[in-house]
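# Structural features, examined
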Amino acid sequence: MLNVENLTLHYGNSQILYDISMSAAQGAVTCVMGTNGVGKTSLLRAISGAHPRSGGGIQLDGQDLGKLAAHQLAQLGVGYVPQGRDIFPLLTVRENLTTGFSCLPKSEHRIPADIFELFPVLKEMENRRGGDLSGGQQQQLAIARALITKPKLLLLDEPTEGIQPNIIQHIGDVIRLLRDRGDMAIVLVEQYFDFAFDLADSVVVLRRGEVIKNTAKRDITREELLSLVSV
């Protein structure tokens, strides 16, 4: 379980996030939605430690995460797939995956078989350089690399951006499978409304860096949610 309380974030003198409070349950997908520029990516960067928050608290499974650096949070179970993927283009697929070992004890430095079961194309291209993969294949690689770290919390930022429809469907299927395993909380930032709405168990809507709606999906209609994220 992730709990975020009164989180604020600044870039220089500009405040981007204002007192964000939200939670994400284990075995569920929490979708953070809103128009471009409302602070969705900044929220994930703050939770992951990629950008220091200005105030507020974050807890994972009851443990206060303080203001740890990104690599320390990864060791505690925070997996982050950033917008743009950030794979290493000159490393092979296998080498990209093994970068996730840095979060694990040496005895666990192996690629689990289920990684290639989730993403068969990565097995086929195991020795290809990351930069030679298509955008959709790179996105699968980025998600797989995060899963190598055995996260308790998986943060996904725009996983459908710029990729072909068949891979979007496959990524949706993988997210459902990960949710149904019940051993991690998933926070999804996504502009593709139908993809997000279909996957969501709960939704958090941001506007101008503030939460304007935080609810279970069952308690909001598709039309009401669409109106909130289209303003």
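What comes next is a walk through the structure. What you are looking at is a predicted structure, and each value in this text was computed from that prediction instead of being measured.

## As for the sheet that holds strand β10 (residues 210-216)
With respect to topology, 6 strands assemble into an open sheet ordered β6-β7-β8-β3-β9-β10, the strand pairing being mixed. Of all strands in the sheet, those with a lone pairing partner are β6 (78-81) and β10, marking the two edges. With direction set aside, neighbouring strand axes in the sheet form an average angle of 15°. Looking at chain direction, strand β9 (residues 202-207) and β10 are connected through 6 bridges and run antiparallel. Within the sheet, the bridge partner assigned to R207 lies in β10 and is E210. Across the sheet, helix α7 (residues 165-181) is in contact with β3 (29-33), β7 (153-157) and β8 (185-189); its angle to β8 comes to roughly 150°.

## Focus on the nonpolar core
In this structure, L122, L147, L154 and L225 are the most contacted members of the largest nonpolar core, which totals 48 residues. The element contributing the most residues to this core is helix α6 (residues 135-148), with 7 residues. Each residue touching L154, except ones within four places of it in the same chain, is listed here: G79, V81, A146, L147, L178, M184, A185, I186 and V187. Counting residues in hydrophobic clusters, the runner-up holds 26 residues, among them L17, L43, A46 and V78.

## With respect to the sheet that holds strand β2 (residues 14-24)
Overall, antiparallel pairing links the 4 strands, which are arranged β2-β1-β4-β5 in an open sheet. Edge strands, defined here as strands with exactly one partner in the open sheet, are β2 and β5 (63-64). By the bridge criterion, 5 bridges tie strand β1 (residues 2-11) to strand β4 (residues 55-60) in an arrangement that is antiparallel. Looking at β4, one finds that T8 is bridged to G55. Sitting on the sheet, helix α1 (residues 40-48) is in contact with β1, β2 and β4, with an inclination near 110° to β1.

## Focus: the side chain of T215
Note that T215 resides in strand β10. On the basis of relative accessible area, T215 is assigned to the buried category, the value being 12%. Apart from the residues within four sequence positions on either side, T215 is in contact with S202, V203 and I220.

## Structural notes on unusual backbone geometry
The bulk of non-glycine residues show a negative phi, and the bulk of peptide bonds are trans. Notably, N6 is not glycine yet its phi reads approximately 55°, a positive angle. Along the polypeptide, N6 turns up in strand β1. A positive phi angle, near 55°, is found at D61, a position not held by glycine. Structurally, D61 can be placed in the loop between β4 and β5.

## Regarding the packing of aromatic side chains
Tallying each qualifying case throughout the model produces 2 aromatic pairs. With 5.7 Å between their ring centres and 10° between their planes, F193 and F197 make a pair best called stacked. Of this pair, F193 and F197 both sit in helix α8 (residues 193-199), 4 residues apart, which is roughly one turn of the helix. Note on F197: relative accessible area 17%, which makes it buried.

Definitions and limits used
- Residues numbered from 1 in each chain as written.
- Predicted model: local features only at pLDDT ≥ 70, side-chain atom pairs only at ≥ 80, totals over all residues.
- Heavy atoms only, no water.
- Pairing = 2+ DSSP bridges.
- Helix = DSSP H or I, 4+ residues; strand = E, 2+ residues; numbered from the N terminus.
- Axes fitted to C-alpha atoms, helices over the stretch in contact; angles between N-to-C directions.
- Contact = heavy atoms within 4.5 Å.
- Core = buried A, V, L, I, M, F, W, Y, C linked by side-chain atoms within 4.5 Å.
- Buried < 20%, exposed > 50% of the residue type's maximum accessible area, 1.4 Å probe, protein only.
- Phe/Tyr/Trp six-rings, centres within 6.5 Å; stacked < 30°, edge-to-face > 60°.

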